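A structural walkthrough
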Amino acid sequence: MKTLEEILPRRAAIIGCGDIGQRVARRLRAMGREVTAIVRSLPAAHALRAQGLETVQADLDAEAPVLDTPLLFWFAPPPAAGAQDTRLRRWLASRPSTRRIVYISTSGVYGDCGGRWIDEDAPLQPVSARAQRRLDAETALGEHAASQRSEVVILRVPGIYGPGRLPRERLAQGLPVVRHAESPYTNRIHADDLAEAALHAAAWGRPGAAYNVADGNPTTMCDYFTRCAALLDLPPPPQVSMEEARQVFTPAMWSFMEESKRLKTGRMLEELRFSPRYPDLASGLASCL
């Protein structure tokens, strides 16, 4: 069986090279690959260049960066408003020659599933506007792959946690959570595991396939915030009923209360040949300090 080092091409690019992108870049460079990072802001570009990473500054809302690379990781988010991912669509309209694209989508494209266990064949019924834009991106990529004979692999990702990504400020403010009995199911993936899964998708992902990328052990939001508080030595968040939460949560916070699902990850385990290093919160949170 070939390894990642034997399969991955010599060159790769990462559009939207933030936290996850930088984790992927470090792994690729450790394998001796050439990596080009595309970021929006000048300070971010300076910071990546200081790390020795070839970097291009580009505003995806105004231009489509020209890349000559067989492998692309698209980690840039859609715009904050609208029905489409115009950033991605602008780039695809430039008819890029990239052979394989790994795209990070969201498990939000499934919408609310009433807490059921679901696999990648579940209906796509996004509720939130941000998830609708992600589904538009998936659709655009599928159309591009069909017309340009390129390969697209979709990763449907839930909440990401890891060092520097814990809800310390929210907990320090004492904001409430929905009590355990009413709290929706949520799925998570450690940042390091997501980066590694993206590399496995680049190597073994089936063209046109989507993969749920999660640790496989969903819990409730109440459980997650309570565990984080204990880890950070902060008071546990106050618990309120779902009805009380509807009155006090911001629209952004409430949007996460409207969906409950548990992600099956069998396709990821089998086809991507990837098993999370952190298969649950107990092991993953301990690594965050």
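Everything numeric here is computed off the predicted structure, so don't read it as measured data.

Per the secondary structure count, the protein chain includes 12 helices and 15 strands. For 289 residues, the compact-globule formula gives about 19 Å, and the C-alpha radius of gyration of the protein chain, at 19 Å, lands near that figure. Along the longest, intermediate and shortest principal axes, the C-alpha atoms of the protein chain span 55 × 40 × 35 Å. Among the 289 residues that make up the protein chain, the fraction classed as buried is 53%. Expressed as a percentage of contacts within the protein chain between residues at least 6 apart in sequence, the contacts between residues at least 24 apart total 78%. Summing over all exposed atoms, the protein chain offers an accessible surface of approximately 13200 Å²; the carbon and sulfur share of this is 51%. In the protein chain, 36 positive and 33 negative side-chain charges are present, and the distance between their average locations comes to 3 Å.

What follows deals with empty space enclosed by the protein. According to the stated counting rule, one finds one cavity of 30 Å³ or more in the structure shown. Reported here for the largest cavity is a volume of approximately 30 Å³. Considering the residues around the largest cavity, the lining is formed by Thr 186, Asn 187, Arg 188, Asp 215, Asn 217, Pro 218, Thr 219 and Leu 281. For the lining of the largest cavity, a count of residues per class yields two nonpolar, four polar and two charged.

The final tally for this structure, using the stated rule, is zero disulfides. Its sulfur unpaired, Cys 228 is 7.4 Å from the next cysteine sulfur, which belongs to Cys 288. Among the residues examined, Cys 228 registers a relative accessible area of 0% and is labelled buried.

Taken together, seven strands build an open sheet; the order of strands is β3-β2-β1-β4-β5-β7-β12 and the sheet is parallel. Two strands bound the open sheet, and with one partner strand each, they are β3 (54-57) and β12 (210-212). Each adjacent strand pair in this sheet contributes to an overall mean axis angle of 20°, direction not counted. When strand β5 (residues 100-106) meets strand β7 (residues 151-157), the two strands line up parallel, connected through seven bridges.

Taking 1.5 Å as the rise per residue, helix α5 (residues 129-148) with 20 residues should run 28 Å; its terminal C-alpha atoms sit 28 Å apart, in good agreement. For α5, the full list of buried residues reads Ala 131, Arg 133, Arg 134, Leu 135, Asp 136, Ala 137, Glu 138, Ala 140, Leu 141, His 144 and Ala 145. Buried-residue contacts for α5 involve α4 (86-93), β5 and β7. Remark: Arg 149 follows α5 within two positions and exhibits a positive phi of approximately 60°.

Attention shifts here to the environment of Pro 238. Inspection of the secondary structure assignment puts Pro 238 in the loop between α8 (221-231) and β14 (239-240). Note on Pro 238: relative accessible area 41%, which makes it partly exposed. On a C-alpha basis, the gap between Pro 238 and Val 177 in space is 6.3 Å, while along the polypeptide they are 61 residues apart. Those residues in contact with Pro 238 that lie beyond four places of it in its chain are Gly 174, Leu 175, Pro 176 and Val 177.

The next thing to look at is helix α2 (residues 19-30). Each α-helix winds once per 3.6 residues, and so residues spaced three or four apart point in a common direction. When the terminal C-alpha atoms of α2 are compared, their 17 Å separation across 12 residues agrees well with the 16 Å that a helix rising 1.5 Å per residue should span. Looking one or two residues past α2, Gly 32 carries a phi angle of roughly 85°, positive in sign.

Attention now goes to the pairing of strand β4 (residues 71-74). Side chains Leu 71 and Phe 73 project from β4 onto one buried face, and the interleaved Leu 72 and Trp 74 project onto a second face that is buried too. Pairing geometry for strand β1 (residues 11-15) and β4, over three bridges, is parallel. Each residue of the ladder has a partner; that of Ile 14, found in β4, is Phe 73. Taking the sense of rotation as the criterion, the β-α-β connection linking β4, α4 and β5 turns out right-handed.

Quick notes on the rules
- Residues numbered from 1 in each chain as written.
- Predicted model: local features only at pLDDT ≥ 70, side-chain atom pairs only at ≥ 80, totals over all residues.
- Heavy atoms only, no water.
- Helix = DSSP H or I, 4+ residues; strand = E, 2+ residues; numbered from the N terminus.
- Rg over C-alpha atoms; globule rule 2.2 N^0.38 Å.
- Buried < 20%, exposed > 50% of the residue type's maximum accessible area, 1.4 Å probe, protein only.
- Contact = heavy atoms within 4.5 Å.
- Areas by Shrake-Rupley, 256 points an atom, 1.4 Å probe, with all protein chains shown as cover.
- Lys, Arg positive; Asp, Glu negative; His and termini not counted.
- Charge placed at Lys NZ, Arg CZ, Asp CG, Glu CD.
- 1 Å grid on protein atoms, 1.4 Å probe; cavity = no way out; pocket = protein on both sides within 12 Å on 5 of 7 lines; lining within 4 Å.
- Points joined across faces, edges and corners; volume = space filled by probe spheres on them.
- Nonpolar A, V, L, I, M, F, W, Y, C, P; charged D, E, K, R; others polar.
- Disulfide = S-S within 2.5 Å.
- Pairing = 2+ DSSP bridges.
- Axes fitted to C-alpha atoms, helices over the stretch in contact; angles between N-to-C directions.
- Expected span 1.5 Å × (residues − 1).
- Right-handed = clockwise from strand over helix to strand, strands pointing away.

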